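# Examining the three-dimensional arrangement
Listed below are the residues making up each chain.
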Amino acid sequence: MPKGVQRRFVKRFLHNRVSGRKLPFFGSVEATRRCNSRCSFCPIGNERQEFKKGEMTTEEFKKVFDQFADFDLIVTSFLGGEPTLRKDFAELGHYAREKGLITQAVTNGLTLADHTDEYTRAIDNLVVSLDTLDPQKYKEIRGVDKFDDVVEGIEAAVNVSKKNKCVVVLNTVICSANMSEIPDIVKYAKRIGAGGIMVDFATFHDYWTTMTDEHSTYDPKKMDWRRDSKGVQKLVRQLMAMKKEYPILTSRSYLKTFLTGDFDYTCHPYLFCCVNRLGEIAIPCWDSKITKFYSLLDGKSLREIWRMPEVVASRKAVKDCKSCYMHCIVEPSKVVGEPFHNLGDLMEWIGVMRKNGKAIMG
Ligand code: SF4
Ligand code: SF4
């Protein structure tokens, strides 16, 4: 883990709370829209070719990390599609690290068994998706018959993680097909010695069905966990109880909302710099009706873009927006954006950061 991260985190945190300047913590880059899975809860693996066109070159990608580092971001995530499909994935991971960023990558794990050493050396926090322990169900959910390869990759990565100073975390997306299995997957994460497990409920947007191609396996009607509210409540209770003994990284404040059904949260989209595969930052966020894209590659710096009056106004315009409930935005909004309401979660985050920091720094 790059040095000085905790100090920068605290500094930015205090700065945001005191000056109210709304500075971002996290950068994420859509490394590619290509994907080698066809998950039945995700439109990206199923979308038409026209949405996948174009990708930054290695040098352009590095320029984005230069901008993140110059703007003092703490973490950068490689998102997709499947980020490991880029041939320069590991090279970019090393580059971002050298720039002082904590590197995180979310992968479906399909290429992990063949590149275990390479990926765990390049990435601080390797997040690997695993939604079931049943090979047949894996095929049903993920659209590919690759359960054994993924498990082999995960266990190999965990085995070398300490040596390579990487924390390997499992990521489990909850949908109607795997709800009963989630506690077993949590136990599996502990049994193999993973650095933790994140569990989050699949999200569905109506417009996503308009993006898919003729071979699509995207099936929100079948995969939607909202059909079983009793099952959801039972599972959430179980997960909250298991947090004491198992390394569940998902916050109580996020989980609790699925128990109470109170999804009325305050979104803090300024916490993120979300950059697409063409090197454009989405302002104020990926999914808003007023989203506009600004290129980080044609001269204007991220710092300058962030302060442009129309960008500031755009962030203000979504102050009360509640149109999505994606785990990756809800959780940081609650924990970092509303720290005094969710102090327990914040302390837990700091604990995980310190523990992972130690594991990575050695
Ligand atoms: S969830 Fe990830 S692995 Fe699955 S189709 Fe979407 S981008 Fe690909
Ligand atoms: S809730 Fe609104 S502002 Fe927040 S990420 Fe979703 S669309 Fe954007």
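Structure: see above.
Residue numbers restart at each chain and count upward from 1, following the sequence in its written direction. To read the labels, note that chains go from A and ligands from 1, taken in the order they are written. The predicted nature of this model means local features are confined to residues of pLDDT at least 70 and side-chain atom pairs, given and counted, to a pLDDT of 80 or more, with totals for whole chains, interfaces and linings taken over all residues.

## Brief notes about the overall build of the chain
Looking only at helices and strands, the chain features 14 helices and nine strands. C-alpha atoms define the radius of gyration in this analysis, and the globule rule sets the expected value at 2.2 Å times the number of residues to the power 0.38. For 362 residues, the compact-globule estimate of 2.2 N^0.38 gives 21 Å, and the C-alpha radius of gyration of the chain, at 19 Å, lies within 12% of that figure. Here the chain, with 362 residues, has 41% of them falling under the buried criterion. In the chain, the share of contacts with a sequence separation of at least 24, taken over all contacts with a separation of at least 6, comes to 75%. Comment: elements are numbered from the N terminus, with helices defined as DSSP H or I runs of at least four residues and strands as E runs of at least two. Counts of 20 or more other C-beta atoms within 10 Å of a residue's own C-beta define buried residues, counts of 12 or fewer define exposed ones, and intermediate counts define partly exposed ones; C-beta atoms are placed from the backbone. It is the C-beta atoms, placed from the backbone, that decide contacts: two residues are in contact if theirs lie within 7 Å.

## A short note on the environment of Gly279
With respect to the helices and strands, the residue Gly279 is situated in the loop between strand E7 (272-275) and strand E8 (280-283). Overall, Gly279 belongs to the buried group, with 23 C-beta atoms counted inside 10 Å. For Gly279 and Glu55, which are 224 residues apart along the polypeptide, the C-alpha to C-alpha distance reads 8.3 Å. Among all residues touching Gly279, those that are not within four sequence positions of it are Met56, Glu60, Val64, Ser295, Leu296 and Leu297.

## Some thoughts on the site of ligand 2
Lining the immediate surroundings of ligand 2 are Cys267, Pro269, Pro284, Cys285, Asp287, Ser288, Val318, Cys321, Lys322, Ser323, Cys324 and Ile329. Side-chain classes are defined by residue name, with Ala, Val, Leu, Ile, Met, Phe, Trp, Tyr, Cys and Pro counting as nonpolar, Asp, Glu, Lys and Arg as charged, and the others, Gly among them, as polar. Class assignment for the residues of the shell around ligand 2 results in eight nonpolar, two polar and two charged. Residues are counted as near a molecule or strand when the C-beta atom, derived from backbone positions, lies within 6 Å of that molecule or strand.

## Details of the sheet that holds strand E5 (residues 167-174)
Strand order in the open sheet formed by nine strands is E6-E5-E4-E3-E2-E1-E7-E8-E9, and the pairing between neighbours is mixed. In this open sheet, the two strands that pair with only one neighbour each are strand E6 (196-201) and strand E9 (292-295). Direction aside, neighbouring strands of the sheet carry axes that sit 25° apart on average. In this description, strands pair whenever DSSP reports at least two bridges between them. Pairing of strand E4 (residues 125-129) with E5, which is carried by five bridges, proceeds in the parallel orientation. Note on E5: the bridge partner recorded for Asn125 is Val167. Angular values range over 0 to 180 degrees, each being the angle between N-to-C directions of two axes fitted as lines to C-alpha atoms, with helices fitted over their stretch in contact. Of the strands in this sheet, E5 and E6 are in contact with helix H7 (residues 182-192), which crosses E5 at around 175°.

## Here's the deal with unusual backbone geometry
At the junction of Gly80 and Gly81, the peptide bond is cis and its omega measures out at 15° in the coordinates. Within the fold, Gly81 resides in the loop between strand E2 (75-79) and helix H3 (89-98). Put simply, Ile283 and Pro284 share a cis peptide bond, and its omega is 5°. One can find Pro284 in the loop between E8 and E9. The phi torsion at Asp72 lies on the positive side, around 60°, for a residue other than glycine. Mapped onto the elements, Asp72 comes out in the loop between helix H2 (58-70) and E2. The residue Lys165 is not glycine, and still its phi comes out positive at about 55°. Inspection of the secondary structure puts Lys165 in the loop between helix H6 (147-161) and E5.

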